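Observations on chain architecture
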Amino acid sequence: MKVVMIGAGYVGLVSGTCFAEFGAQVTCVDVDQAKIDALHAGRIPIYEPGLDDMVARNVREGRLHFSTNLADSVPEADLVFIAVGTPTRRGDGHADLQYVYAAAKDVAQHLRDYTVIVDKSTVPVGTARHVARIIREENPQADFDVASNPEFLREGAAIADFTHPDRIVIGVESGRAEQRLRALYRPLSLIEAPILATNLESAELIKYASNAFLAVKISFINEMSGLCEKVGADVHAVAKGMGMDGRIGSKFLHAGPGYGGSCFPKDTLALTRIAQEHGTSVRIVEAAVEANGAQKARMVRKIMDALGGDVAGKRIGILGLTFKPETDDMRDAPALAILPPLLEKGAMIQAHDPQGMEEAKHLLPEGVAYYDDAYAALDGVDALVLLTEWNEYRNLDLPRIAAAMQGKVFVDLRNVYEAERLAEAGFAYTCVGR
Ligand code: NAD
Ligand code: UGA
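Residues numbered from 1 in each chain as written. Chains lettered and ligands numbered in written order. Predicted model: local features only at pLDDT ≥ 70, side-chain atom pairs only at ≥ 80, totals over all residues. Heavy atoms only, no water.

**Looking at the packing of helix H4 (residues 98–110) against helix H5 (residues 127–138)**
Where H4 meets H5, the closest approach of the two axes is 8 Å, and the angle between their N-to-C directions is 35°. The two elements H4 and H5 meet at a crossing, and its hand is right-handed. On H5, the residues that touch Val-100, Tyr-101, Ala-104, Lys-105 and Ala-108 of H4 are Thr-127, His-130, Val-131, Ile-134, Ile-135 and Glu-138. (Axes fitted to C-alpha atoms, helices over the stretch in contact; angles between N-to-C directions. Helix = DSSP H or I, 4+ residues; strand = E, 2+ residues; numbered from the N terminus. Left-handed = near helix turned anticlockwise from the far one by under 90°. Contact = heavy atoms within 4.5 Å.)

**Some points on the sheet that holds strand E14 (residues 428–430)**
Ordered by their spatial adjacency, 6 strands build an open sheet running E11-E10-E9-E12-E13-E14, and the pairing between neighbours is parallel. In the strand order of this sheet, the two ends are held by strand E11 (368–370) and E14, each with one partner. Pairwise comparison of adjacent strand axes, ignoring direction, gives a mean angle of 20° for this sheet. In the sheet, strand E10 (residues 348–352) pairs with E11 via 3 bridges, with the strands oriented parallel. Looking across to E11, one finds that Ala-351 is bridged to Tyr-370. Set on the sheet, helix H11 (residues 283–306) makes contact with strand E9 (315–319), strand E12 (383–386), strand E13 (409–412) and E14; between it and E13 the angle comes to about 165°. Each of E9, E10 and E11 touches helix H12 (residues 334–344); the most contacted strand, E10, lies at about 150° to it. (Pairing = 2+ DSSP bridges.)

**Observations regarding the domain arrangement of the protein**
Segmentation of the protein into domains returns domain 1 (2–198) and domain 2 (208–293). Just the C-alpha atoms count here: the centres of domain 1 and domain 2 sit 29 Å apart. In this complex, domain 1 contributes 14 residues to the contact, which on the side of domain 2 involves 10 residues. Roughly 950 Å² of surface becomes buried between domain 1 and domain 2 when both sides are summed, with 57% attributable to carbon and sulfur atoms. The largest share of the area that domain 1 buries against domain 2 comes from Gly-93, His-94 and Thr-122, three residues that together contribute 39% of it. Where domain 1 touches domain 2, the interface holds 0 salt bridges. For the interface between domain 1 and domain 2, the tally reads 3 residue pairs in polar contact (both at pLDDT 80 or more). In terms of residue class, the side of domain 1 that touches domain 2 is made up of 6 nonpolar, 5 polar and 3 charged. (Domains from an automatic or database assignment. Buried area = accessible area lost by both parts, 1.4 Å probe. Salt bridge = Lys/Arg side-chain N within 4 Å of Asp/Glu carboxyl O. Polar contact = N/O pair within 3.5 Å; in protein donor to acceptor, adjacent residues only side chain to side chain. Nonpolar A, V, L, I, M, F, W, Y, C, P; charged D, E, K, R; others polar.)

**Examining the site of ligand 2**
Neighbouring residues of ligand 2: 18 residues in total, closest Phe-152, Leu-153, Lys-207, Asn-211 and Cys-263. One nitrogen or oxygen atom from the side chain of Asn-211 is found 2.8 Å from an oxygen atom belonging to ligand 2. Between ligand 2 and Lys-324, the relevant distance is 2.9 Å, taken from an oxygen atom to a side-chain nitrogen or oxygen of the residue. Protein burial of ligand 2: of its 700 Å² of free accessible surface, 90% is covered by the chains. Broken down by element, the shell around ligand 2 gets its largest block of residues, 3 residues, from helix H8 (residues 200–231). Of the residues that constitute the shell around ligand 2, the class distribution is 9 nonpolar, 3 polar and 6 charged. Taken domain by domain, the shell around ligand 2 gets at least three of its residues from each of domain 1 (2–198) and domain 2 (208–293). (Near = heavy atom within 4 Å. Areas by Shrake-Rupley, 256 points an atom, 1.4 Å probe, with all protein chains shown as cover.)

**As for the nonpolar core**
If you look at the biggest cluster of nonpolar residues, it comprises 40 residues, and the most contacted ones within it are Phe-19, Phe-81 and Leu-181. Considering each element in turn, this core owes the most residues, 6 residues, to helix H1 (residues 10–21). Apart from the residues within four sequence positions on either side, Leu-181 is in contact with Leu-79, Phe-81, Val-118, Ala-147, Ile-170 and Val-172. (Core = buried A, V, L, I, M, F, W, Y, C linked by side-chain atoms within 4.5 Å. Buried < 20%, exposed > 50% of the residue type's maximum accessible area, 1.4 Å probe, protein only.)

**Section: the environment of Asp-92**
Structurally, the position occupied by Asp-92 is in the loop between strand E4 (79–82) and H4. For Asp-92, a relative accessible area of 27% corresponds to the partly exposed category. Sequence separation between Asp-92 and Gly-23 is 69 residues; the distance between their C-alpha atoms is 42 Å.

**Re the site of ligand 1**
Residues in close proximity to ligand 1 total 26 residues, the closest being Val-11, Asp-30, Lys-35, Thr-86 and Lys-266. At a separation of 3.4 Å, a nitrogen atom of ligand 1 approaches a polar backbone atom of Val-31. Take Lys-35: an N or O atom from its side chain is 2.7 Å from an oxygen atom of ligand 1. Alone, ligand 1 offers 830 Å² of accessible surface; in the complex the protein occludes 90% of this. At the level of secondary structure, the elements contributing two or more residues to the shell around ligand 1 comprise H1 and H4. Per-class residue counts for the shell around ligand 1 are 11 nonpolar, 7 polar and 8 charged. Shared between two domains, the shell around ligand 1 takes at least three residues from each, and those domains are domain 1 (2–198) and domain 2 (208–293).

Here it is, written out as structure tokens:
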């Protein structure tokens, strides 16, 4: 099986490498020359645990290749995946499909024998049909089918998610395309990964509906956390009690600073636009988006309150900048919404993150001081804010940080610590919903 993966980002590189691991011949093609040069030199452009070893092994064994040129690999390919970015379009909140359409146009010229063109990017309903139109216009002779195969991996756990998926969704219109996709995923039949084959529109919508539902769950528990704080309840206990009901489930009920990342914020917004475009609405998703913005704003107030209401001239140590642990991805990280207002109000920020600082430097305003060591970032601070639950922050040496800090305020936006333990160590401890 010969596969071309267009886009060698978080999804393309992981999916391409895993398909190679399953035994396919894979070429990952990207327009970013620096990215492809890095991959040729054995460097992985992103931080994703386990990916470096898997890439190296598949390159060594001759199954995984990198290129900036579609002409080398598309004519021979059985399947061509489009895994380019679909960020929020500036100005209107819709998904920006320019990269998907550009990829479709590029592919069209190089098609030779029957090929299945598969959208792996998260795209609005109707995109696969539009991709087919583009290819037909560019190359009326082309023998192809389009398919939709949305990806459900999470950053930081991408390889495990890809190789042990809860389900594989394939949207197809022809038996031939379905057979090709089933054959590619056949190695996963050993672990009985279920395959749902459906039409193009349903597959495209399943992806948005799934992300939106998870985002709704998070916003729901975040709103409960605000209520818990008012009524003296503990959001941990509430989430646990809710999660014990099999119909609700315990996952994605962790209260925190609001969801971030490259997908939930843009996909929830895009789903509201898809609904509007079709003359209907998804009010629950709209509410989840609004609640998420409110949660981030509430975190700014929480930090200010912990410091007596005014942060002017105060030093704040921030542990964690990425939107979640085990990734270097800073896209829509809560830090980007929470730190700027604190800086504007005169706070001085000393930050640490194990993987995200290089990217954070481009995205956060001037005035943040970055430290290579978590403890160094806490030197002389009035307050510590735990913003991302990296493992190295889960068992901090409390006497050491108490000695390093000027004040004793500990704001735990991920509910990692127990209030009693922090009180014993002499900290004024604030968390979310407890
Ligand atoms: P990314 O920005 O990390 O990678 C996209 C890559 O595509 C970039 O390297 C870019 O240079 C390349 N590219 C753009 N136009 C191209 C073209 N015409 N030809 C070749 N390469 C091109 O994006 P990502 O995070 O991998 O996301 C890709 C898609 O997958 C998005 O639609 C996203 O919503 C979806 N998705 C992402 C995740 C995730 O965890 N990041 C999970 C599931 C689905
Ligand atoms: C998410 C989905 O989980 C994937 O299934 C999907 O493929 C992906 O988006 C995508 O479409 O890109 P990801 O964004 O990598 O994956 O990370 P998650 O683990 O889902 O976390 C997203 C955000 O929600 C993070 O900011 C995280 O801290 C937050 N979160 C998550 C909570 O605040 N509480 C929770 O209980 C779970």
